[in-house]
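Chain by chain, the residues run as shown.
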Amino acid sequence: MGNFSLDPGQRARRAEVRDLARRHLAPLAEKGEPGRVNRPLVAELGRLGLLDRLFTSGALDLCLMRESLAQVSTEAETALALQGLGAHPVHAHGTEVQRTRWLPEVRAGRAVAAFALSEPGAGSDAAALALQATEEAPREGPGAVSISGSAAGRDRPRRDPHPTARRKWLLNGEKTWISNAPEADFYTVFARTGDPGTRAGGVTAFLVPADRPGLTGTPLDMLSPHPIGTLAFDDVPVTTDDVLGEPGAGFRVAMNTLNLFRPSVGAFAVGMAQAALDATLAHTARREAFGGPLKDLQTVAHQVADMALRVESARLMVYAAASAYDEGADGVPRRAAMAKLLATETAQHVVDTAVQLHGARALRRGHLLEHLYREVRAPRIYEGASEVQRAIIARELYKEETR
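Residues numbered from 1 in each chain as written. Predicted model: local features only at pLDDT ≥ 70, side-chain atom pairs only at ≥ 80, totals over all residues. Heavy atoms only, no water.

**Some remarks on the overall build of the chain**
Of the regular secondary structure elements, the chain holds 11 helices and 12 strands. Taking all contacts inside the chain whose residues are at least 6 apart in sequence as the whole, residues at least 24 apart take part in 76%. When the accessible surface of the chain is summed, it comes to about 17700 Å², and 53% of that surface belongs to carbon and sulfur atoms. (Helix = DSSP H or I, 4+ residues; strand = E, 2+ residues; numbered from the N terminus. Contact = heavy atoms within 4.5 Å. Areas by Shrake-Rupley, 256 points an atom, 1.4 Å probe, with all protein chains shown as cover.)

**Points about the packing of helix H1 (residues 8–30) against helix H2 (residues 39–47)**
One can describe the packing of H1 onto H2 by two numbers: an axis separation of 9 Å at closest approach and a directional angle of 170°. Classified by the interaxial angle, the pair formed by H1 and H2 is roughly antiparallel. Contacts from His-24, Leu-25, Leu-28 and Ala-29 of H1 reach H2 at Pro-40, Leu-41, Glu-44, Leu-45 and Arg-47. Partitioning the contact of H1 with H2 into residue classes produces six nonpolar, one polar and two charged. (Axes fitted to C-alpha atoms, helices over the stretch in contact; angles between N-to-C directions. Parallel < 35°, antiparallel > 145°, perpendicular 65-115°, else oblique. Nonpolar A, V, L, I, M, F, W, Y, C, P; charged D, E, K, R; others polar.)

**Describing helix H10 (residues 368–375)**
Residues of H10 that are buried: Leu-369, Glu-370, His-371, Leu-372 and Glu-375. Where H10 is buried, its residues meet helix H5 (74–93), helix H7 (250–286) and helix H9 (332–358). (Buried < 20%, exposed > 50% of the residue type's maximum accessible area, 1.4 Å probe, protein only.)

**Notes on the packing of aromatic side chains**
Taken as a whole and judged by the stated rule, the model has three aromatic pairs. Between Trp-102 and Phe-186 the ring centres are 4.6 Å apart and the planes differ by 40°, which places this aromatic pair in the tilted class. Here Trp-102, found in helix H6 (residues 96–107), pairs with Phe-186, found in strand S6 (residues 186–192); they are 84 residues apart in sequence, far enough to count as distant. In terms of burial, Trp-102 and Phe-186 fall into one category: buried. The cationic tip of Arg-101 hangs over the ring face of Trp-102; the distance from NZ or CZ to the ring centre is 3.9 Å. (Phe/Tyr/Trp six-rings, centres within 6.5 Å; stacked < 30°, edge-to-face > 60°. Lys NZ or Arg CZ within 6 Å of the ring centre and 35° of its normal.)

**Describing unusual backbone geometry**
Between Ala-181 and Pro-182 the backbone carries a cis peptide bond, its omega angle lying at 5°. Turning to its location among the elements, Pro-182 is positioned in the loop between strand S5 (165–179) and S6. The phi dihedral of Trp-177 falls on the positive side, at around 60°, and the residue is not glycine. One can find Trp-177 in strand S5.

**Comments concerning the packing of H7 against helix H8 (residues 298–327)**
Helix-helix packing: each pair is described by the crossing angle between the helix axes and the interaxial distance. Axis separation between H7 and H8 bottoms out at 9 Å; the angle between their running directions is 155°. Accordingly, the angle class assigned to the pair H7 and H8 is roughly antiparallel. Crossing hand, H7 versus H8: left-handed. (Left-handed = near helix turned anticlockwise from the far one by under 90°.)

**As for the nonpolar core**
Soluble globular proteins tend to bury their nonpolar side chains together. Core analysis: the biggest nonpolar cluster contains 103 residues, and Leu-80, Leu-171, Phe-190 and Phe-206 have the highest contact counts within it. The element that contributes the greatest number of residues to this core is H7, accounting for 14 residues. Setting aside residues no more than four positions away along its own chain, Leu-171 makes contact with Gln-132, Ala-133, Val-189, Ala-191, Phe-206, Val-208, Phe-233, Asp-234, Asp-235, Val-236 and Val-238. Within the second largest apolar cluster, five residues are counted, among which are Ala-337, Val-388, Ile-392 and Ile-393. (Core = buried A, V, L, I, M, F, W, Y, C linked by side-chain atoms within 4.5 Å.)

**Observations concerning the confidence of the model for the chain**
Do not read the fine detail of predicted coordinates wherever pLDDT is low. The share of residues in the chain with pLDDT of 70 or more is 89%, and the mean pLDDT across the chain is 90. pLDDT under 50 marks residues 141–164. Its contacts with residues more than four places away, or in other chains, come to 55 contacts. (pLDDT = per-residue confidence, 0-100.)

**Looking at H6**
The α-helix winds at 3.6 residues per turn, so residues separated by three or four positions along the chain end up facing the same way. For H6, which comprises 12 residues, the first-to-last C-alpha distance of 16 Å matches the rise-based estimate of 16 Å (1.5 Å per residue) to within 8%. Restricting attention to buried positions, one finds in H6 the residues Gln-98, Arg-99, Trp-102, Leu-103 and Val-106. Buried residues of H6, seen end-on, are gathered within an arc of 110° and therefore sit on one face of the element. For H6, the exposed residues set more than 90 degrees away from the buried face come down to Val-97 and Thr-100. Count one or two residues on from H6 and you reach Gly-109, which has phi positive near 80°. (Expected span 1.5 Å × (residues − 1). Arc of directions from axis to C-beta.)

**Focus on the side chain of Thr-78**
Considering the arrangement of structural elements, one finds Thr-78 in helix H5. Among the residues examined, Thr-78 registers a relative accessible area of 12% and is labelled buried. A distance of 3.4 Å separates the side chain of Thr-78 from the side chain of Glu-77, its partner in a polar contact. Not counting residues within four places of it along the chain, the set of residues in contact with Thr-78 comprises His-226 and Phe-268. (Polar contact = N/O pair within 3.5 Å; in protein donor to acceptor, adjacent residues only side chain to side chain.)

**Some thoughts on the pattern of salt bridges**
Within this structure, the stated rule accounts for 25 salt bridges. The shortest N-O distance in the salt bridge between Arg-107 and Asp-52 comes to 2.8 Å. Highlighted residues: Arg-107 in helix H6 and Asp-52 in helix H3 (residues 50–56), separated in sequence by 55 residues. Residue Asp-52 is classed as partly exposed on the basis of its relative accessible area of 31%. (Salt bridge = Lys/Arg side-chain N within 4 Å of Asp/Glu carboxyl O.)

Here's what the structure looks like:
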C-alpha cells in the first residue's frame, strides 16, 4: 500500500458495499425513528455479514466499509460504526467468556453495543474521568482469564496474575453524550479505580450489561438520527469477570480503540464529502445560469476542482493512517489524529461549498445536502474534537523530536 491505490479486490468490495447499502440498507434507514436505535437496520447489517467484518478485517477495510456506506446511507454507516466502537474493546481485550457471550450477538445484529467514555466534566480530557469504581473487600474465587492484543486476531489468553483474588467494585457517577444510550444492550464503561491524581493510570474498562442493577439512562434531544443519552450509575456492581483488559489499564483500552476508529471517522467524513461532490458535479453540469451550464463558469469549475482535490487528499491520508495501524508502524496516534482532523474539516468545507453551489434547493428538508449538512458537523467533535487532534499531533511531533 505504499502508494495507497486500492487493488481490484478492495475496489470490488467497496462497490459491493455501496450496492448492498442502496438495495438493502437505505430503505430500512428511511423507516427509522429519529433518536431511536434502528434494530431492523442493525439486524440487516448482521445478515449481510458487514458486522462480522468489523472483527475479521483490519483498519483499512473498516475505512473502506465506512466510506462506502456513508456515500449511500449515513444512518447505516453510523449503525455499523457504533457496533464496532462499543464491541471492539470486548473483541480486543475481553475474556473468552465475555467474547462468547456478546460477540456472536453483535455480529448477528441482535445485540446493540455502546462506548461509554465521555462525562459531564470529561469530554475532550478523557483522562479526567470522575465515574468512581469503589472496590469492596476481595473474596476468594477462581481466576478470570483475560485477553489482550489488537483487533487483527493476534490476541493471546493471559491468566489473571492473582488467580485467587476475586475483586468487586461499585460504580457511581454519570456518563453523557453516549451514542446508543440508553437503548444499548451492553456498554464498554471506563471508570476510575485509582487515585484521581494518577489520571490515566487509574482507569479501568468494564463490560456492563444494560440490565445491571443501579444502571439507568435518559435520552438527550440531539441533532442526530441515532440515540444519544446519559447513563446514571448508582452502586452498579461489577467484578473481575466484567473487567476488559486489566484493572488500571482502561485508558490504554480506550486509546487503542480510538486509534483504530479515528481514521475510520475520517473515512465516514470522506464518504459524505464524496456524496456531496458527486451531487455537485451532476447539478452544475445540468443547471443552466447566465446563458449556459454552471460548470462553464470558471468560478464554479474552480470550486468543484478544489472540492475534488480536498476529498482525494483526505482519502489518501485516511488510507495511510489505516495502513499504518494494520502494519504496526510507528506514529499511529499522530497519523490517526491527522487523518480524522483533515477528513472531518474537509468534509465540512466540501458539504458547505456544495450547498452554496446548489442554492436554496439544498436547504429544503429531505434534500441530500440538507441531510449531509446536518450530519457532517458532529464528526468534528466526537472521538476527540478537532482541537484535541491538533494537540495530539503536536504532542507526538515533539515526542519524536526528543528521541
